[in-house]
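Here is what each chain is made of, one letter per residue.
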Amino acid sequence: AQTVTQSQPEMSVQEAETVTLSCTYDTSENNYYLFWYKQPPSRQMILVIRQEAYKQQNATENRFSVNFQKAAKSFSLKISDSQLGDTAMYFCAFRDAGNMLTFGGGTRLMVKP
Amino acid sequence: EAQVTQNPRYLITVTGKKLTVTCSQNMNHEYMSWYRQDPGLGLRQIYYSMNVEVTDKGDVPEGYKVSRKEKRNFPLILESPSPNQTSLYFCASSSGGAVWNEQFFGPGTRLTVL
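Let me begin by describing the structure that accompanies this report. Position numbers for residues count from 1 along each chain, tracking the sequence in the order it is written. Naming scheme: in the order in which they are written, chains are lettered from A and ligands are numbered from 1. This being a predicted model, a pLDDT of at least 70 is required before a residue's local features are given, and a value of 80 or more before pairs of side-chain atoms are given or counted; all residues contribute to the totals for chains, interfaces and linings. Calculation of side-chain values draws on the structure's entire complement of heavy atoms; hydrogens and water are dropped beforehand.

Section: the pairing of strand 8 (residues 64-69) of chain A
All names here are of chain A.
Alright, step 1. Summarising the sheet, strand 7 (residues 60-61) and strand 8 pair through two bridges and their orientation is antiparallel. Its bridge partner being in strand 8, T60 is matched across the sheet by S65.
Alright, step 2. Only strands that DSSP links by at least two bridges are regarded as paired with each other. Numbering of helices and strands runs from the N terminus, with a helix taken as a DSSP run of H or I at least four residues long and a strand as a DSSP run of E at least two residues long. Relative to strand 9 (residues 74-79), strand 8 is paired through six bridges, and the arrangement is antiparallel. Bridge pairing in strand 9 links N67 to S76.

Notes on the pattern of salt bridges
Side chains that differ in sign of charge can pair as their charged atoms come close.
Alright, step 1. Within this document, salt bridges are pairs made up of a side-chain nitrogen of Lys or Arg and a carboxyl oxygen of Asp or Glu, the two lying within 4 Å of each other. According to the stated counting rule, one finds eight salt bridges over all chains in the structure shown.
Alright, step 2. As a salt-bridge pair, D86 of chain A and R63 of chain A come within 2.8 Å of each other at their nearest N and O atoms. One end of the pair, D86 of chain A, is in the loop between strand 9 and strand 10 (88-96); the other, R63 of chain A, is in the loop between strand 7 and strand 8, and 23 residues separate them in sequence.
Alright, step 3. Partly exposed residues are those whose accessible area sits between 20% and 50% of the maximum for their type, while under 20% is buried and over 50% is exposed, using a 1.4 Å probe and protein chains only. The buried category is assigned to D86 of chain A, whose relative accessible area is 3%.
Alright, step 4. For R44 of chain B, the salt bridge identified is with D38 of chain B, shortest N-O distance 2.8 Å.
Alright, step 5. Taking relative accessible area as the criterion, R44 of chain B reaches 25% and is therefore assigned partly exposed.
Alright, step 6. Several salt bridges share partner residues, and in doing so they unite K18, K65 and E79 of chain B into one network.

Focus: the interface of chain A and chain B
Alright, step 1. Listed by partner, the interface residues are 23 residues for chain A and 30 residues for chain B.
Alright, step 2. Two parts lose some accessible area (1.4 Å probe) when they are put together, and adding that loss for both gives the buried area. Regarding the contact of chain A and chain B, the summed buried area is about 2200 Å², with carbon and sulfur atoms giving 52% of it.
Alright, step 3. If you look at where chain A meets chain B, you find zero salt bridges.
Alright, step 4. For this analysis, a polar contact is any N or O atom pair within 3.5 Å, provided that within protein one partner can donate a hydrogen and the other can accept it, and provided that sequence-adjacent residues contribute only side-chain to side-chain pairs. There are three residue pairs in polar contact (both at pLDDT 80 or more) connecting chain A and chain B.
Alright, step 5. Of all elements in the fold, only strand 5 (32-39), strand 6 (46-52), strand 10 and strand 11 (101-103) of chain A reach the threshold of two or more residues within the side of chain A that touches chain B. Contacts are assigned to residue pairs with any non-hydrogen atoms lying within 4.5 Å of each other.

Re a nonpolar patch on the surface
Alright, step 1. Taken together, the side chains of I12, V14 and L114 of chain B make up a nonpolar region of the molecular surface, amounting to roughly 320 Å² of accessible area.
Alright, step 2. Within the secondary structure, V14 of chain B is located in the loop between strand 2 (10-13) and strand 3 (19-25). Residues form patches when they are more than 30% accessible in relative terms and have no salt bridge. Like charges link within 9 Å. Nonpolar side chains (Val, Leu, Ile, Met, Phe, Trp, Tyr) link within 5 Å. Note on areas: Shrake-Rupley, 1.4 Å probe, and residue coverage restricted to the protein chains presented here.

Quick word on the sheet that holds strand 1 (residues 4-7) of chain B
Hydrogen bonds along the backbone pair up the strands of a sheet, which may run parallel or antiparallel.
Residues and elements named next belong to chain B.
Alright, step 1. An order of 1-3-8-7 is seen for the four strands of this open sheet, with the pairing classed as antiparallel. Among the strands making up the open sheet, the edge pair consists of strand 1 and strand 7 (65-66).
Alright, step 2. As paired elements, strand 1 and strand 3 share four bridges and run antiparallel to each other. Within the sheet, the bridge partner assigned to Q6 lies in strand 3 and is C23.

Topic: unusual backbone geometry
Alright, step 1. A cis amide bond links N7 of chain B with the next residue in sequence, P8 of chain B, at an omega value of 0 degrees.
Alright, step 2. Examined against the element boundaries, P8 of chain B turns out to sit in the loop between strand 1 and strand 2.
Alright, step 3. In the Ramachandran plot, A16 of chain A falls in the positive-phi region, its phi being about 80 degrees despite a non-glycine side chain.
Alright, step 4. Inspection of the secondary structure assignment puts A16 of chain A in the loop between strand 2 (10-14) and strand 3 (19-21).
Alright, step 5. At N62 of chain A, a residue that is not glycine, the phi angle is positive and equals roughly 55 degrees.

See the structure below:
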């Protein structure tokens with residue numbers, strides 16, 4: 001079974017600064033996909049960014065980017081120019097060809113004004 | 001508007017009283033799934049369905065049942081709820097079986113079993 005670990009239960013960052021959220025995973029698969037989801041206080045789950053394991057280039061979506069290290073099984077999320085609206089729980093998730101989606105325990109991010 | 005809907009949004013019940021949480025999507029998605037969210041554990045997959053009449057167990061299926069008689073609906077059934085099933089439940093759907101496809105989540109159902 002796949003496991004996803006987020007080692008930082010809580011983090012905080014000042015508005016306009018950069019923060020990096022960590023995620024590691026364990027799998028024997030070679031082809032898989034990784035995701036970061038955001039859950040604001042409204043509880044809605046929102047896809048932030050995704051990465052295909054066979055692509056070496058790190059994915060980027062506006063202020064959000066990832067550092068994907070396949071050999072190290074690491075998938076960190078970098079948020080640049082943090083905004084108050086970025087305050088949320090962030091979940092790292094792993095999905096393989098078996099169609100099961102495995103989530104990490106989450107990191108609560110607080111952006112301070 | 002494309003969406004996944006769940007009902008009820010909040011439910012308080014007692015041990016052993018059968019309940020159903022409905023999930024419906026209007027995007028003609030083949031893939032649907034149920035998750036439960038507990039503090040520190042993230043979301044854990046309960047059951048998923050690749051298409052009508054096709055369902056599979058996820059990580060934590062014990063105590064739950066599902067059915068997929070229609071493409072748009074994927075109800076979650078708790079035949080005899082217990083307090084350890086108190087949780088926040090999410091339904092999600094995506095098009096096709098491609099693992100790349102984004103999953104669209106419902107708004108969540110907060111269930112309390114006394």
